[in-house]
Amino acid sequence: RHDGPEPDCKMRIRSHPVSSLFAVVLAANTALGQGSAPSAMQQPDTGRVPASHKTLFTSRDAFLAAGFAGLTVAMFPLDKHLAHTLRDSSLQANRFLSDVSRGAETLVQPGALIIGATLYTAGRLGGWRDVADLGWHGTEAMIVASAATEVLKGVLGRARPYVSNDTNPHDFGFGRGFGKNGRYQSFPSGHTTAAFAVAAAVTSESRRWWPRGEWVVAPVMYGGATLVGLARIYHNAHWASDVVLGAAIGTFGGIKVVRYSHNHPDNLIDRIMLPMNVQPTLRGASVGWSIPIGAGGGM
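Values in this document were obtained by computation on a predicted structure and should not be read as measured data. Residue positions within a chain follow its written sequence, with the count starting from 1. Local features in this predicted model are restricted to residues of pLDDT 70 or higher, and side-chain atom pairs are both shown and tallied only at a pLDDT of 80 or more, whereas totals for entire chains, interfaces and linings draw on every residue. Side-chain figures throughout are based on the complete set of non-hydrogen atoms in the structure, without hydrogens or water.

### Focus: the packing of aromatic side chains
Heads up, the rule is: Working definition: a ring pair exists when centres of Phe, Tyr or Trp rings (six-membered ring for Trp) sit within 6.5 Å. Plane angles under 30 degrees give stacked, over 60 give edge-to-face, the rest tilted. Helix and strand assignments come from DSSP, with helices taken as H or I runs of at least 4 residues and strands as E runs of at least 2, each series counted from the N terminus. Only protein chains enter the calculation, and the probe is 1.4 Å; a residue is then buried if its accessible area is under 20% of its type maximum, exposed if over 50%, and partly exposed in between.
Enumeration according to the criterion identifies five aromatic pairs in this entry. Consider the rings of Tyr120 and Trp136, whose centres lie 6.5 Å apart with planes at 55 degrees: the pair is tilted. Taken together, the positions of Tyr120 in helix H6 (residues 111-126) and Trp136 in helix H7 (residues 129-156) put the pair 16 residues apart, joining distant regions of the chain. Both residues of the pair, Tyr120 and Trp136, belong to the buried class.

### What to know about the pattern of salt bridges
How we decide: For this analysis, a salt bridge means a side-chain nitrogen from Lys or Arg found within 4 Å of a carboxyl oxygen belonging to Asp or Glu.
A complete count under the given rule lists 11 salt bridges for this structure. A salt bridge links Asp79 to Arg158; the nearest nitrogen and oxygen atoms lie 2.9 Å apart. You can see Asp79 sitting in helix H3 (residues 79-86) and its partner Arg158 sitting in the loop between H7 and helix H8 (190-209), a full 79 residues away along the chain. By the burial criterion, Asp79 is buried, and Arg158 matches it. With a closest N to O distance of 2.9 Å, Asp171 and Arg176 form a salt bridge. Through salt bridges with shared partners, a single ionic network connects Arg129, Asp130, Asp133, Glu205 and Arg208.

### A look at the side chain of Arg158
This is how the line gets drawn: Counted as a polar contact is a pair of N or O atoms within 3.5 Å, where, for protein atoms, one must be capable of donating a hydrogen and the other of accepting one, and residues adjacent in sequence contribute only when both atoms are in side chains.
Using a relative accessible area of 0% as the deciding quantity, one classes Arg158 as buried. There is a polar contact of 2.9 Å between the side chain of Arg158 and the side chain of Asp79. A polar side-chain atom of Arg158 sits 2.6 Å from the main-chain carbonyl oxygen of Pro169.

### A short note on a nonpolar patch on the surface
Going by this rule: Without a salt bridge and with relative accessible area above 30%, a residue can belong to a patch; like charges are then joined within 9 Å and nonpolar side chains (Val, Leu, Ile, Met, Phe, Trp, Tyr) within 5 Å. For every accessible area listed, the method is Shrake-Rupley and the probe measures 1.4 Å; residues are considered covered only by the protein chains on display.
Taken together, the side chains of Phe96, Leu97, Val100 and Leu227 make up a nonpolar region of the molecular surface, amounting to roughly 350 Å² of accessible area. No other element matches the three residues that helix H5 (residues 95-108) contributes to the nonpolar patch. You can call Leu97 partly exposed: its relative accessible area is 32%.

### Quick look at the packing of H8 against helix H10 (residues 240-263)
To be explicit about the condition: Lines fitted to C-alpha atoms define the axes here, with helix axes fitted over just the stretch in contact, and angles between the N-to-C directions of these axes take values from 0 to 180 degrees. Left-handed is the label given to a crossing in which the near helix is rotated counterclockwise from the far helix by less than a right angle, and right-handed is the label when the rotation is clockwise. Here, residues are in contact when the closest pair of their heavy atoms is within 4.5 Å.
Between H8 and H10, the shortest axis-to-axis distance is 7 Å and the interhelical angle comes to 35 degrees. As for how H8 packs across H10, the hand of that crossing is right-handed. Counting all contacts with H8, which are made through Thr192, Thr193, Phe196, Ala197, Ala200, Ala201, Ser204, Glu205 and Arg208, the residues of H10 involved are Val243, Gly246, Ala247, Ile249, Gly250, Thr251, Gly254, Ile255, Val258 and His262.

### Examining unusual backbone geometry
Of note, the bond from Gln109 into Pro110 is cis; its omega dihedral lies within 30 degrees of zero at 15 degrees. Tracing the sequence through the fold places Pro110 in the loop between H5 and H6. Despite not being glycine, Asp166 has its phi angle at roughly 65 degrees, a positive value. Positionally, Asp166 belongs in the loop between H7 and H8. Its identity is not glycine, yet Asn236 carries a phi of approximately 65 degrees, on the positive side. Relative to the helices and strands, Asn236 resides in the loop between helix H9 (214-234) and H10. For Asn236, a relative accessible area of 8% translates into the label buried.

### Regarding H5
As a reminder of what qualifies: Expected helix span is given by 1.5 Å per residue-to-residue step, counting one fewer step than there are residues. Taken from the helix axis, the directions to the C-beta atoms give the arc we talk about.
Taking 1.5 Å of rise per residue, 14 residues should cover 20 Å, and H5 covers 20 Å from first to last C-alpha, within 8% of that figure. Looking at H5, one finds that the buried residues are Ser101, Ala104, Glu105 and Val108. Buried residues of H5, viewed axially, fall in a sector of 95 degrees; they line one side. Along H5, exposed side chains directed more than 90 degrees from the buried face belong to Arg95, Phe96 and Leu107. The inward-facing, buried residues of H5 contact H6, H8 and H9. One side-chain oxygen of the residue at the start of H5 lies 3.0 Å from the amide nitrogen of Phe96, identifying that residue as Asn94.

Shown next as structure tokens:
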């Protein structure tokens, strides 16, 4: 017997496909994070990582990339349906969903940059290398992945859902995404890319110094990133396929940045950023660099 009002029942049924979709995305990204970090990631950054662990891309990555590409393509026929599902008037009128979605977006942009900079600065001030790593590599991953996404946005020139009132998810135009006030920069989702890049980097970094905590960190980080993707559809800024591709780019970017950085601790960027000295002064803080000569880049 159905005791509740009909609109609530309908809302639960219609939202089910969306929940199932992003459960699959979350599971796939968590699996990618587990599979892409070699045991060397838990070793000290000595610069003498075995050659077998220095491979940046593996055959497993190729299979997972193909899986994400297939999932992105599979979303195209569902884009319109999922857009209408999350744009349902009853969902749009829900104050809680509105607040959560706005909060998720803000937490990524500009929140992720602020949090990353804070962790990096705190790590340098306190002499905590792992905290500095977390702040810098999370920020670096977001920058790298977002740069790739911005190029794709410009080249592919896909119209955002609101341009056609959620009626034409197949509106692409080569090179149209450069400019146009963002109206044709839908594919892939930049917010989702940034969120998953940070999630992947934080999960990979924490795996090095707290491997048993992965079952807590990964679901929290990837779950939060998934909320960001849902929020972008909810606000009519992206199609579901935009979000899936953004999740793939962000996850690969985050994992590979951390993996490369720790397998090549003498890379130029880390040698510049991580040995930076931040010292508190009476007027604020002084910043200086002490770039080591040779491999290692240690503090």
